[in-house]
Amino acid sequence: MIVFLVRRVVAGLVLVLVIATTTFALMGLTGSDPVRQIVGQTATQQQVTAKSAELGLDQPFVVRYGHWLADAVHGNLGSSWFSGESVTSSLENKLPVTLSIVLAALLVSAVLSTVLGVAAAVRRGALDQVVQLLAVLGFAVPSFLVALVFAVVIGVDLGWLPATGYVPLADSAGGWLRSITLPALSLSVGAIAATAQQVRGSMVDVLRADYVRTLRSRGISERSLLFRHALRNAAPAALTVLALQFIGLVGGAVVVEKVFGLNGIGSQATSAGSQGDTPVVMGVVVVMVALVVVVNILMDLAYGWLNPKVRVG
Amino acid sequence: MKLPDSDDTTGAVAPAVAAQGRAGILRRLLRNPVAVTCLVLLALISLASLFAPLLTSQDPARSSLTDSLAPMSGKHPLGGDGVGRDVLARLLYGGRTSLLGALLAVAVAVVIGVPAGLVAGYYRKWFDAVSSWVSNLLMAVPAIIVLLVVMSAVGQNTYLAMAVFGVLMSPGVFRLIRASVISVREELYVDAARVSGLTDARIIRRHILPVVQAPTIIQAAQMLGLGIVIQSGLEFLGLGSATQASWGSMLNDAFGNIYTKPELMVWPGLALAVTVAAFGLLGNALRDALDGTAVTGRKPSRGATTRKPGAEKKAPPVISEAQDTDDALLVLEGLTVSYPTAQGEKTVVDGVCLTVRRGEVLGLVGESGSGKSQTAFAILGLLPREAQVATTRLEFDGTELGRLGRAAMNRYRGHRIAYVPQEPMSNLDPSFRIGAQLVEPVRRHLGLSAAEARTKTLGLLERVGISDPERVFRAYPHQISGGMAQRVLIAGAVSCEPDLLIADEPTTALDVTVQAEVLDLMRSLQSERNMGVILVTHDFGVVADLCDRVTVMQTGAVVESAPVDQLFADPQHPYTRMLLASTLEDAEPRSALSLSRTVSASAAGAVGIAGTTDPAGVTNSAGITNTGRQEGPA
């Protein structure tokens, strides 16, 4: 188990490194000229050269990357070319927003997809049809469209929940919950659809298994049979799908944050990306990929805990 | 009893697909109304965007401030957007961007994924390792982040972004193709082709490409939907070619006017959802069409006999003793089990009657498909849910089981009626330690504390001949052998001291040496506890060894029932004689006897056994039919 964990962590670090390098290369080697954008079209060539030197852009690519990497390892992600703000501290401010909606969406997806998937597998019939329909809708309606509809209908027309803005957890727990409910819900629709479908499929398979019949022949309660035995055996496959869906949740946050006017890492990615603000883009990419890696390792651990063949064998 | 799985959602490969004609698949697809609707919708959307210039005279990019947020009118059939551009024109031209972009992405994904998957799956070695690593890497990155980076580095170009998205989707294609190739590669006919000296290129073209074709097409349909979704997401963020009309940029504009004119969302949102849903549903329908078994192969057909209305009258079974039910532990009368199928109702058990006395071992004998296992499961209430079960009498120790609810039945199951399955390894829950599985029913039925239940279970494990009960108690099922697993299952069955044990071919899956030991164990447990036993078997050796009485079944009905000595000495029914003869020749009966039961009627009539019960007669005279609750696999 320890070996397994170490291997996963190393693989995760390699992933972050590869993505960071590729991003840096893409941002650094392409034709766009960020310095001209920063100093403005009217600036003299002298000003451009000076700014270039100030940002270290006159140095060769490999040297620049080496500096960035050395600083990044020490927790310093540089500062924005445009605002001059430290990337590390601005990410620290924005990470809670994104984490709140993404993790809430993950939690909602896990709970709702389990409930829906188990219910569909056990009851079949009409409920099963509803879950199948939801699966198609979840696939067909992108999260930002769901977000738009939620914002207009629930946020604006009905006024039940705020349509914009974020309340930090430290300020007010209730306000925080209200502010992340719509974003997290709209983000999770797709993940719920895909995962509920998988939960249903694995539950149907498990309920057909010989050992479930034998457990029934022992007269154990239906509740124990479904939730202790069958769900336990159906969970690993569902967890694999949920882990894949989480990657989509992180990506979806970028769009959903825009709809709900949340100042998180996603909206930062959009603005920095369109400006060509390399240090901010790098910081955002590294944090997002690291988030995916960490959650995936946690899911792997849960998978190992659920599956004795992985744990013991 | 493993039913074919038609609920597979992972796009599994069906090698049989290659054998089916493409025409057949297309015909099946066109018979599916959902598929036809999707095809028609997609055709309409494609044609509308293709012929956009004919459908509207408006320029999708021309803005006019006077038409800003214009209502629907002759000039603007769907109104104007935030900067006065025509909504209809943008919707039609936007379809071009979405469809072309998605096609581009899918083309890139297929062009990269298919060859890489073929090579990695066929040759394996270093290329497989490297490409699998790259594919895992690509899959771990949120696509939209990569696209943001690319767009900011290279420039705002929708088609470029979609090409890059194609690269990001290629791992999905790669993994699918690779898995398909690996599974086909092991097939005998591919081996044969290799041995006969065909070149790799030829083998791939002739044997492997046809197999991967179908799953690739299914996946392509779904990737088209995904491509449209991600593209509209980017455009919604304001990324992508600024001058090009697109559904995503329309939504962006609608978002800007969300407080003044939220209905701008409706048209692009609808177009997006309908198109993507159509691609998704089309993919599903394609899978169903290719996976022909999904429609026909669902119901168990093992040994089923189709009940024909007005079929020849059945011969009465040969029952060689009075049905004296006074000291009976279990009385089953008029059991009928049938399954609904596309061809009508299939009856697998037809009017079976049997009796087990306290402490008596009844052998239930017949060839595969004679309905003996179905009978055993019906008594336990464990047949699949779609099974239609009716009995006129199912009495256990004076209680009619047929009318019990689930909770009441659960007080009998495991406690007073127990079950030993056929296949030991698949009958233990793989996720729980053996101890936990044995302790749970003991605590529930006998109300023992955890410590008491543990002590009792360890004792049981020792009793069934496990030399190291502590270790087995802590082990998971995958850590013990098949013979040991069967001992564990027997321990579990007798743990609550049942009065009746139903054993379904308990030794068939075991090695010959282990078989004898398990039979010894069952015999000693039976005499020690004076249990009634129903021993389902096809082996007359086992019958001679253990049983007091034998009931012989053929194609769902009882043909003969007699004390074991009498049956061996003087079998009355030709089918029994045939079974006995085949056992003596040391060969198992292979196929259903062609001799129909009608022929045997004369034999039965000639013998003229007292106490003969006509199942049909019982049904009529008793006048009740219990439809028992069945809780087997759904």
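Definitions and cut-offs
- The residue numbering used here restarts from 1 in each chain and proceeds along that chain's sequence as written.
- Labels are handed out in written order, letters beginning with A for the chains and numbers beginning with 1 for the ligands.
- Owing to the predicted nature of the model, reporting of local features is limited to residues with pLDDT of at least 70; listing and counting of side-chain atom pairs is limited to 80 or more, with chain, interface and lining totals taken over all residues.
- No hydrogens and no water enter the side-chain calculation; it runs on all heavy atoms of the structure.
- Strands here are runs of E lasting at least two residues and helices are runs of H or I lasting at least four, both read from the DSSP assignment and numbered beginning at the N terminus.
- A simple rule labels every residue: compare its accessible area, found with a 1.4 Å probe on the protein chains alone, to the largest value its type can have, and call it buried under 20%, exposed over 50%, or partly exposed in between.
- Throughout, a residue-residue contact means that at least one pair of heavy atoms, one from each residue, lies within 4.5 Å.
- For the accessible areas, the method is Shrake-Rupley and the probe is 1.4 Å, while residue cover comes only from the protein chains on display.
- Charge assignment in this entry is limited to Lys and Arg as positive and Asp and Glu as negative, and neither His nor the chain termini are counted.
- To locate a charge, take atom NZ for lysine, CZ for arginine, CG for aspartate or CD for glutamate.
- Computed with a 1.4 Å rolling probe, the buried area is the accessible surface lost when two parts are put together, summed over both parts.
- The term salt bridge refers to a pairing of a side-chain nitrogen on Lys or Arg with a carboxyl oxygen on Asp or Glu at a separation within 4 Å.
- Any pair of nitrogen or oxygen atoms within 3.5 Å is treated as a polar contact; in protein, a donor-acceptor pairing is required on top of that, and neighbouring residues in sequence qualify only through side-chain atoms on both sides.
- The classification used treats Ala, Val, Leu, Ile, Met, Phe, Trp, Tyr, Cys and Pro as nonpolar, Asp, Glu, Lys and Arg as charged, and all other residues, Gly among them, as polar.
- For every domain, the bounds stem from an assignment made automatically or drawn from a database.
- To form a nonpolar core, buried Ala, Val, Leu, Ile, Met, Phe, Trp, Tyr and Cys residues must be joined to one another through side-chain atoms within 4.5 Å.

## A word on the overall build of chain A
What chain A contains, in helices and strands, is 13 helices and zero strands. Across chain A, helices and strands are ordered from the amino to the carboxyl terminus as α-α-α-α-α-α-α-α-α-α-α-α-α. The principal-axis extents of the C-alpha atoms in chain A amount to approximately 85 × 55 × 35 Å. For chain A, with 313 residues in total, the buried portion stands at 51%. Considering only residue pairs separated by 6 or more positions, chain A has 73% of its internal contacts joining residues 24 or more positions apart. Taken as a whole, chain A presents about 13300 Å² of accessible surface, with 66% of it coming from carbon and sulfur. Considering chain A, the positive charge centre built from 20 side chains and the negative charge centre built from 15 side chains are found 17 Å apart.

## Points about the interface of chain A and chain B
With 70 residues of chain A at the contact, the number on the chain B side is 77 residues. Summing both partners gives a buried area of about 6700 Å² for chain A against chain B, and 66% of it is carried by carbon and sulfur. Three residues, A:Arg208, A:Arg213 and A:Arg218, lead the burial of chain A against chain B; their summed loss comes to 13% of the area buried on that side. Across the chain A-chain B interface, the total number found is two salt bridges. On inspection of chain A and its partner chain B, the count reaches 19 residue pairs in polar contact (both at pLDDT 80 or more). Looking at the side of chain A that touches chain B element by element, the count peaks at 14 residues for helix 10 (residues 222-259) of chain A. A class-by-class count of the residues in the side of chain A that touches chain B yields 38 nonpolar, 18 polar and 14 charged.

## Comments concerning the domain arrangement of chain B
Splitting chain B by domain gives domain 1 (47-56 + 75-296), domain 2 (329-582) and domain 3 (597-626). Each of domain 1 of chain B and domain 2 of chain B was reduced to a C-alpha centroid, and the two centroids are 53 Å apart.

## Concerning the environment of B:Arg523
All names here are of chain B. Note on placement: Arg-523 falls in helix 20 (residues 512-529). Among the residues examined, Arg-523 registers a relative accessible area of 30% and is labelled partly exposed. C-alpha of Arg-523 to C-alpha of Asp-504: the two residues are 19 residues apart in sequence and 15 Å apart in space. A distance of 2.7 Å separates the side chain of Arg-523 from the side chain of Asp-520, its partner in a polar contact.

## Description of the nonpolar core
The biggest cluster of nonpolar side chains holds 143 residues, and the ones touching the most others in it are A:Leu148, A:Val259 and B:Phe165. Every residue in contact with B:Phe165, bar those within four places of it in the chain, is listed here: B:Ala105, B:Ala143, B:Leu147, B:Leu226, B:Gly227 and B:Ile230. One finds B:Ile434, B:Leu438, B:Leu458 and B:Val514 within the second-largest nonpolar core, a separate group that totals 53 residues.

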